[in-house]
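# Observations on the three-dimensional arrangement
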Amino acid sequence: MISASYIVGFTEGEGCFLVSLRKDNRIDLRFFLTQAIGNKTLLEQIQKTFKVGTVYQKSDRQGRLPAYVFEVTKRDDIFNVVIPFFTKNKLLGYKAESFKAFKQIAKIVKGRQDIRKLTLEELNYIRKLRYSMNKHYGV
């Protein structure tokens, strides 16, 4: 089993907390790690540690190397596994800011998968938080 501190460090470098506001009015919360094809077993070990999520091969795009992804998309798994894990095992770098926004958004949308169930104030706040996520690269 992989240690919590290893997963935290791995997430700092290769992880992403993502919130999508879809055209069909759904709100998606995702956590994923991406690795080169040779590290599939590493992602499978992380999946075994979390006991949720899936590992799959990312579709090939021209000019990109093949890759594998460990991804958690089920709401219950986000709320019951991913958020408690990173609340207990703190991220230290810029990724901590993305997680903080992710956690705040998750709290607001819990039980409401449809944008139309949010107030305009909540939706604008989510958009503001979402815009601040994953923007720290190259700073």
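The preceding data block contains the structure.
A few points on the structure. Everything numeric in this text was worked out from a predicted model, so none of it was measured.

The phi dihedral of Lys51 falls on the positive side, at around 65°, and the residue is not glycine. Along the chain, the position of Lys51 falls in the loop between α2 (40-50) and β3 (54-57). Under the relative-accessibility criterion, Lys51 is labelled exposed at 68%.

Within the structure shown, the criterion is met by three salt bridges. Here Arg26 ties to Asp28 by a salt bridge, and the two come within 3.7 Å at their closest N and O atoms. Classification of Arg26 as partly exposed rests on a relative accessible area of 39%. Look at Asp28 and you get buried, because its relative accessible area is 17%. Measuring nitrogen to oxygen at the nearest pair gives 3.7 Å for the salt bridge that ties Glu44 to Lys40. With a gap of four residues between them, Glu44 and Lys40 both fall in helix α2, about one helical turn apart.

Quick look at the sheet that holds strand β1 (residues 15-21) now. Taken in spatial order, the four strands line up as β1-β2-β4-β3 in an open sheet, and their pairing is antiparallel. This sheet does not close on itself; its edge strands, each paired only once, are β1 and β3. Taken over all neighbouring pairs, the strand axes of this sheet differ in orientation by 30° on average, direction set aside. In the sheet, β3 pairs with strand β4 (residues 67-72) via four bridges, with the strands oriented antiparallel. Bridge pairing links Gln57 to Tyr68 in β4. Across the sheet, helix α3 (residues 75-88) is in contact with β1, β2 (27-36) and β4; its angle to β2 comes to roughly 60°. Lying over the sheet, helix α4 (residues 95-109) contacts β1 and β2, oriented at roughly 35° with respect to β1.

The next point concerns the packing of helix α1 (residues 4-14) against α2. Packed helices, taken two at a time, are described by the angle between their axes plus the distance between the axes. As a packed pair, α1 and α2 sit with axes 11 Å apart at the nearest point and diverge in direction by 125°. For the element pair α1 / α2, the angle class is oblique. Crossing handedness for the pair α1 and α2: left-handed. Residues Tyr6, Ile7 and Phe10 of α1 pack against Leu42, Leu43, Ile46, Thr49 and Phe50 of α2. Grouping the constituent residues of the contact of α1 with α2 by class yields seven nonpolar, one polar and no charged.

What follows concerns the packing of α3 against α4. Where α3 meets α4, the axes come as close as 11 Å, and the angle between the chain directions of the two elements is 140°. In terms of crossing hand, the pair formed by α3 and α4 is left-handed. Along its contact with α3, which presents Arg75, Ile78, Phe79, Ile83, Phe86 and Thr87, the element α4 presents Phe99, Phe102, Lys103, Ala106, Lys107 and Val109. Considering only residue class, the contact of α3 with α4 consists of eight nonpolar, one polar and three charged.

About the cut-offs
Within any chain, residue numbers begin from 1 and follow the written order of that chain's sequence. Owing to the predicted nature of the model, reporting of local features is limited to residues with pLDDT of at least 70; listing and counting of side-chain atom pairs is limited to 80 or more, with chain, interface and lining totals taken over all residues. The basis for every side-chain value is the complete set of non-hydrogen atoms in the structure, without hydrogens or water. Where helices and strands are cited, they refer to DSSP runs of H or I of at least four residues and of E of at least two residues respectively, numbered from the N terminus. For every residue, the accessible area obtained with a 1.4 Å probe (protein chains only) is divided by the maximum for its type, and the residue is called buried under 20%, exposed over 50%, and partly exposed between those limits. We define a salt bridge as a contact between a side-chain nitrogen of Lys or Arg and a carboxyl oxygen of Asp or Glu at a distance within 4 Å. Pairing between strands is defined by DSSP: at least two bridges between them are needed. Here an axis means a line fitted to C-alpha atoms, over the contact stretch when the element is a helix, while the angle between two N-to-C directions is reported on a 0 to 180 degree scale. Two residues form a contact once any of their heavy atoms are found within 4.5 Å. Should an angle fall under 35 degrees it is taken as roughly parallel, and over 145 as roughly antiparallel, whereas 65 to 115 is taken as roughly perpendicular and any remaining angle as oblique. For any pair of crossing helices, the crossing counts as left-handed if the nearer helix is rotated counterclockwise from the farther one by less than a right angle, and right-handed if it is rotated clockwise. For this scheme, ten residues count as nonpolar: Ala, Val, Leu, Ile, Met, Phe, Trp, Tyr, Cys and Pro. Four count as charged, namely Asp, Glu, Lys and Arg, and the remainder, Gly too, count as polar.

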